[in-house]
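# Examining the three-dimensional arrangement
As a plain string of letters, each chain reads:
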Amino acid sequence: MNHRFVDDARLGIRVPQLDKHWEDYSAEEQEAILLEWEAIRGLIPDRIATLERQINEKQDALGREADFARSCQLNADIAELASMVNDLWIWYRTVPSVSSLTEKKQGKNP
């Protein structure tokens, strides 16, 4: 099912790239996608921990930095890393479920 996930270089993980609405996949396809997503999702906390270490290192460097331009760059780097952590937490909390046949027939979203 690798074709349903693409590398996100910024976040350092693969993210879903579905070509149709979730409900339009069969239950078997949904299960296969969810299985792969859970494997990817399990890597997210470690990725977040790595980024948080980088944030801490840059904050330490910022505390010692006297050059204004370098301080601005460190602040920008910290903001980008924090944004990545936030995006990873959003992905981590994304937990779709297999749509039931009844929901599909009634047009309800899971």
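What counts and how
Residues numbered from 1 in each chain as written. Predicted model: local features only at pLDDT ≥ 70, side-chain atom pairs only at ≥ 80, totals over all residues. Heavy atoms only, no water. Helix = DSSP H or I, 4+ residues; strand = E, 2+ residues; numbered from the N terminus. Expected span 1.5 Å × (residues − 1). Buried < 20%, exposed > 50% of the residue type's maximum accessible area, 1.4 Å probe, protein only. Contact = heavy atoms within 4.5 Å. Salt bridge = Lys/Arg side-chain N within 4 Å of Asp/Glu carboxyl O. Phe/Tyr/Trp six-rings, centres within 6.5 Å; stacked < 30°, edge-to-face > 60°. Core = buried A, V, L, I, M, F, W, Y, C linked by side-chain atoms within 4.5 Å.

Helix length check: helix 3 (residues 68–93), at 26 residues, gives a terminal C-alpha distance of 38 Å against a target of 38 Å (1.5 Å per residue), a fit within 8%. Looking only at helix 3, the buried set comprises S71, L74, I78, L81, M84, V85 and L88. Residues of helix 3 that are buried make contact with strand 2 (13–16) and helix 2 (44–64).

Turning next to the pattern of salt bridges. Between side chains of opposite charge, a pair can form as their charged atoms come close. Across all of its chains, the model carries six salt bridges by this definition. When the shortest N-O distance is used, the salt bridge between R4 and E29 registers 3.4 Å. Residue R4 is found in the segment before strand 1 (5–8), and its partner E29 is found in helix 1 (residues 27–41); the two are separated by 25 residues along the sequence. Among the residues examined, E29 registers a relative accessible area of 23% and is labelled partly exposed. Within the structure, one salt-bridge network assembled from shared partners comprises R10, E80 and D87.

With 15 residues, helix 1 extends 20 Å from end C-alpha to end C-alpha; this agrees with the ideal 21 Å at 1.5 Å per step. Among all positions of helix 1, only Q30, I33, L34, E36, W37, I40 and R41 are buried.

Tallied over the full model, the rule gives four aromatic pairs. Here F5 and W37 contribute two aromatic rings whose centre-to-centre distance is 6.4 Å and whose plane-to-plane angle is 10°, an arrangement assigned as stacked. Of the two residues, F5 is situated in strand 1 and W37 in helix 1; the sequence distance between them amounts to 32 residues. Residue classification places W37 among the buried positions, given a relative accessible area of 3%. Aromatic pair W22 and Y25: ring centres 6.2 Å apart, planes at 55°, arrangement tilted. Its relative accessible area of 12% is what places W22 among the buried residues. Every member of this aromatic cluster is reached through a ring pair, and the members are F5, W37 and W91.

Attention now goes to the nonpolar core. Counting 19 residues, the largest nonpolar core has I13, I44, L51 and L88 as the members making the most contacts within it. Mapped by element, the contributors of at least two residues to this core are strand 2, helix 1, helix 2 and helix 3. Here this core takes five residues from helix 3, the largest share from any one element. Among residues more than four places away in sequence, those in contact with I44 are I13, W37, L88, W91 and Y92.

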